[in-house]
Amino acid sequence: MNEFIAPTVEYAELSPLLIVLGAAVVGVTLEAFLPRRGRHRIQVVFTLVALVAALLATGWVAAGLDEVEGASGRGLIAAEGAIAVDGPSVFMWGVLLVFSIISVMLFAERRIEGGVSAFAGQAAALPGTEAEREASRQGIEHTEVFPLVLFAIGGMLLFPASNDLLTMFIALEVLSLPLYLLCGLARRRRLISQEAAMKYFLLGAFSSAFFVYGIALVYGYAGSFTLADIHAAVDNNTGSTNLLLAGMGLIAVGLLFKVSAAPFHAWTPDVYQGAPTPVTGFMAACTKLAAFGALLRVFYVAFGGAQWDWRPMIWVVAALTMAIGAVVALTQSDIKRMLAYSSIAHAGFLLVGFAGAYGGDGITSLQSVLFYLAAYGFSTIGAFAVVMLVRDPGGEATHLSRWAGLGKTSPLVAGVFAFFMLAFAGIPLTSGFTSKWTVFSAAWAGGAWPLVLLAVGMSAVAAYFYVRVIVLMFFSDPVVDGPTVSVPSLFTSSALVVAVVATVVLGILPGPVLDLAQQAGAFVR
Amino acid sequence: MFLTIVVLLPVLVAVVLLASPRLPGPVASWAWVGASAVDLTLIAWMWWRFDAGPAIDFDVKIRWIPTVDASYHVGVDGLSLPLLAMTGVLFLACAIWSLREQDRPRTYAALFLFLQTACLGTFAALDLILFFVFFDLTIVGMYFVIAGWGHGNARRSALKFFLYTFVGSLALLVGFIALFLGGERRTFDMVALAADPPLADSPLAGGLTLLAIGIGLAVKTPLFPFHTWLPDAHTDAPAAGSAILAGVLLKLGTYGFVRIAMPILPQAWQQWAMVIVIVGVISVVWGALVALAQTDVKRMIAYTSVNHMGYVLLGLGAAGLVADADGQARTVATVGALFQMVSHGLLTGALFLLTGVLWSRGRSYAFADWGGLARPAPVFAACLGVAAFGSLGLPGLSAFVAEFQIFTGALQGAPIATIVAVSGILVTAGLFLLALQRLLTGELQTPSALTAEPMRDMNGRELISVVPLLAMSLLLGLAPRWLLDVLEPAAVAVVELVSR
């Protein structure tokens, strides 16, 4: 009989994860025990406190990471090989938590809906029924969104840090399931929201299945789930190459679905449009970051030795994604759909950086992608926060024609939105320029110059639709009884301020954050 | 830090203007005049302190993005100082011109001050990324000027301008990244790159990089075949916007050739010098012929800009014909090209402001709408005459000095091209004379909008903004020495760098 050996778990290094997931569990219990009246306030404060605590813990973990002997990175493999707490993980944790804090502030916004949150009063009540009217008359709210978002954040923290494929799959599910729910909880236009949730769930389930099947094949090839073992197997070229290629392809499908890369992007516009806007902003910034982190880790660490097999595939996907995102965005008439296609285009730019797979002097592909994700997330959350503010009597005024002349009626809000558009277009002195430029130079250094040329062309196409919104806002006559701009509470305003400031600072003084990304160093295996 | 103050002063005033929404319009306009005047005084002081020679003066270098060795590096030498001064003069002229602006004067002034910072910054930058940042910001500023204060189909033209030049600037960015990656030492610092040119050992990569940078700058300059945004943008822009666009923004392109392409890619420049000469000559001839065919005075002037920028390229290309011409000829050609940039800024700025007189009186630029203006508006006629003769290269005005030197310098290296280019002068002369004849002589004719009242001559504000530009052009034509003293050492240095 073998003796039972208790696994060693590095609780201290995993504290950010444990804090977030623990807070999520406590949040659920709070739901059960707190009276309805005080729930919202307590949940908001509790969630924010938990996230800030996790952020502080991340800083503390980052300060204590040790150099790995014989490798370039810093960090350690925790929890018996399941989780890698290394420089890139910690960097992504930090950025993710900052994004989450801003997003939760948007979740907590109640003033612009007249005292209730942007989420359905009672999700179980069918749209258009007496039960729904009753719920909204009583001012019922779903405060479960806060524990749900905490679970999603927990999954996102784990996803890019997973050091074996099974943990990664669990993380994928932990982050996805709450998101499916959150997407269906919009207070206004509930049918479209529920349709979005359904669509996201079905397609997401498919992609998860692909991912699992890929894991199985890779296991068949390497005989192990851990990335380090797979790396070794690829290096020694044991096993059948067919299994490896098929497995890599299937895993890529699962991950590329999450980053909304073409041709797995079809869910993005519908889900972005249907989901409650705070959730859209949260998904656009955080899911993208977590998924790219995981993509980079799997392909650079586990399949690094086979990069000549997967790079052509990523080249094609990157080119397709940029082209589809930028070109289809031109024809959009709904602001949320336009932002969705813009997020697809940006996924393409990020994939260009990824495809370079450059690890030499200067900025490596990993660092440039990390920086891009950090910069892009702030602008995206900010842009969606502005979308929340521009309202018709029936809810948000998302049709582009309604935004005409907004610059004349509310110059400040329109100015902020125009600024985010310029950042997306990559105009200098905004974070968009610095991030594009780091990604392109890393890709060029990695030999992906044809992709860089295409990316430059697509940036120009994308600039057209961003600038078109500015034209519409500032140089068109306002529509008769056009949308009003609600005055938000302190939550949304401060989230917006953070987003604007971050976009400016990362544009003018990108040095410190680039240094941070550089110090994050390489993945540890 | 002095140069930094010169560069940033306008934008600081712009921020103050934007931050005070209750400011009355006239106060904002006067603040713009004041800021531009102070800035010009500071530039004049710099000129006075400047020690003519190839060295870089007022050099400031602050670490900005150490990861990629990009820094805030600005400085002044004989290449940039004249252009900085020209920028200061032209912006002051436009400030005075726009004193009576009725349409949102505060924002208008703030935008122009922002543009001034962007232009001065581009000329002062000694770091590729810094250059690019300022270069791109000019596009944003000019886009808003055209879209917000233009007339006719302004929004469409503004968008065309933005997208066209933005695509160009992206090509430029690709070129800069290639320079960065191609260097022995990975840096964006122009001085360091010029000292140790990147991509020296691979002609193909060097040529492609020059192509990317060349396309980026050619769109801005604009050179045939990348000039098609220019007429639309000019026709629909307000007069002051056109003056800045033609006078200053086009120079950013040609300045980029002298500052970046020639010293940093000398081998490629030598190798492709003949192509550059030919592109220049095509722009000369094409610009002149198309200008001849215009029925709209502003479009005509816009196309002559293509023609004049073609001369600049001819001179700069000739500077790279190392095998065919001696050092002195190449220096003369370079000096001519640099001189032409300053001269064209002054003369075209004046011409565009003068077309603004027509627009303000009769809301039309069409030749068919105007005639016989010399009688009711003699001062206008005189100014237009001086500007037109200056622009066609009459001796005694600045353009003659410039074009004469370009032809002298280029003749040895590229005789046929130069002879073809000289014929461009003939066409330009013809089209300007034709324009003068149509507008000034014959029966008095004004657009229907104006029939009720008599044609008013130029007022004091318009005179104060236009006459100094013409006077400076005359001064440079009669006594070019004081500008040549600054330009020549810099040109010698550039020619030396190119012939490595």
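Going by the structure above, here's the rest.
Worth saying up front: this structure is predicted, and the values here are computed from it rather than measured.

### Observations concerning the overall build of chain A
Assigned secondary structure in chain A consists of 20 helices and five strands. The C-alpha atoms of chain A give 22 Å as radius of gyration, which agrees with the globular expectation for 525 residues (24 Å, within 12%). In terms of overall dimensions, chain A has a C-alpha envelope of 70 × 55 × 40 Å along the principal axes. When the 525 residues of chain A are sorted by exposure, 62% land in the buried category. The long-range fraction of contacts in chain A, counting pairs at least 24 apart against all pairs at least 6 apart in sequence, stands at 80%. Taking the average location of the 26 positive side-chain charges in chain A and that of its 30 negative ones, the two points are 13 Å from each other.

### Topic: the side chain of Ser36(B)
Within the secondary structure layout, Ser36(B) lies in helix α2 (residues 25–49). In this structure the side chain of Ser36(B) is engaged in a polar contact, spanning 3.3 Å, whose partner is the side chain of Gln116(B).

### Things to note about the pairing of strand β2 (residues 83–86) of chain A
Residue and element names in this part refer to chain A. Side chains Ile83 and Val85 of β2 all project onto a buried face; the interleaved residues Ala84 and Asp86 project onto the opposite face, where all are buried too. Note: strand β1 (residues 75–78) against β2, four bridges, orientation antiparallel. Along β2, the bridge assignment pairs Leu76 with Val85. Taking the residues between adjacent antiparallel strands as the criterion, β1 and β2 are bridged by four residues, where Ala79 takes a positive phi near 50°.

### Structural notes on the interface of chain A and chain B
Taken residue by residue, the interface counts 33 residues in chain A and 30 residues in chain B. Overall, the association of chain A and chain B removes approximately 2900 Å² of surface from exposure, summing both partners, and the carbon and sulfur fraction of that is 83%. Along the contact surface separating chain A from chain B lie zero salt bridges. Where chain A touches chain B, the interface holds three residue pairs in polar contact (both at pLDDT 80 or more). Among the secondary structure elements, those contributing two or more residues to the side of chain A that touches chain B are α17 (431–445), α18 (449–475), α19 (490–508) and α20 (511–520) of chain A. Sorting elements by how many residues they give to the side of chain A that touches chain B places α18(A) first, with 10 residues. Grouping the amino acids of the side of chain A that touches chain B by side-chain chemistry returns 24 nonpolar, seven polar and two charged.

### Some words on the packing of aromatic side chains
This structure, assessed with the given rule, holds 49 aromatic pairs over all chains. Taken together, a centroid distance of 4.8 Å and an interplanar angle of 55° make the contact between Phe2(B) and Trp45(B) tilted. Taken together, the residues span a long stretch of sequence, with Phe2(B) in helix α1 (residues 2–19) and Trp45(B) in helix α2 at a distance of 43 residues. Trp45(B) sits in the partly exposed class, given a relative accessible area of 35%. Ring centres of Phe131(B) and Phe176(B) lie 6.2 Å apart, and the angle between their planes is 65°; this geometry places the pair in the edge-to-face category. With Phe131(B) in helix α5 (residues 128–149) and Phe176(B) in helix α6 (residues 154–182), the pair connects residues that are 45 residues apart, well separated along the chain. Here Phe131(B) and Phe176(B) have matching classes, each one buried. Here the aromatic residues Phe433(A), Trp437(A), Phe131(B), Phe132(B), Phe135(B), Phe176(B), Phe180(B) and Phe188(B) are joined through ring pairs into a cluster of three or more.

Reading guide: rules and limits
Residues numbered from 1 in each chain as written. Chains lettered and ligands numbered in written order. Predicted model: local features only at pLDDT ≥ 70, side-chain atom pairs only at ≥ 80, totals over all residues. Heavy atoms only, no water. Helix = DSSP H or I, 4+ residues; strand = E, 2+ residues; numbered from the N terminus. Rg over C-alpha atoms; globule rule 2.2 N^0.38 Å. Buried < 20%, exposed > 50% of the residue type's maximum accessible area, 1.4 Å probe, protein only. Contact = heavy atoms within 4.5 Å. Lys, Arg positive; Asp, Glu negative; His and termini not counted. Charge placed at Lys NZ, Arg CZ, Asp CG, Glu CD. Polar contact = N/O pair within 3.5 Å; in protein donor to acceptor, adjacent residues only side chain to side chain. Pairing = 2+ DSSP bridges. Buried area = accessible area lost by both parts, 1.4 Å probe. Salt bridge = Lys/Arg side-chain N within 4 Å of Asp/Glu carboxyl O. Nonpolar A, V, L, I, M, F, W, Y, C, P; charged D, E, K, R; others polar. Phe/Tyr/Trp six-rings, centres within 6.5 Å; stacked < 30°, edge-to-face > 60°.

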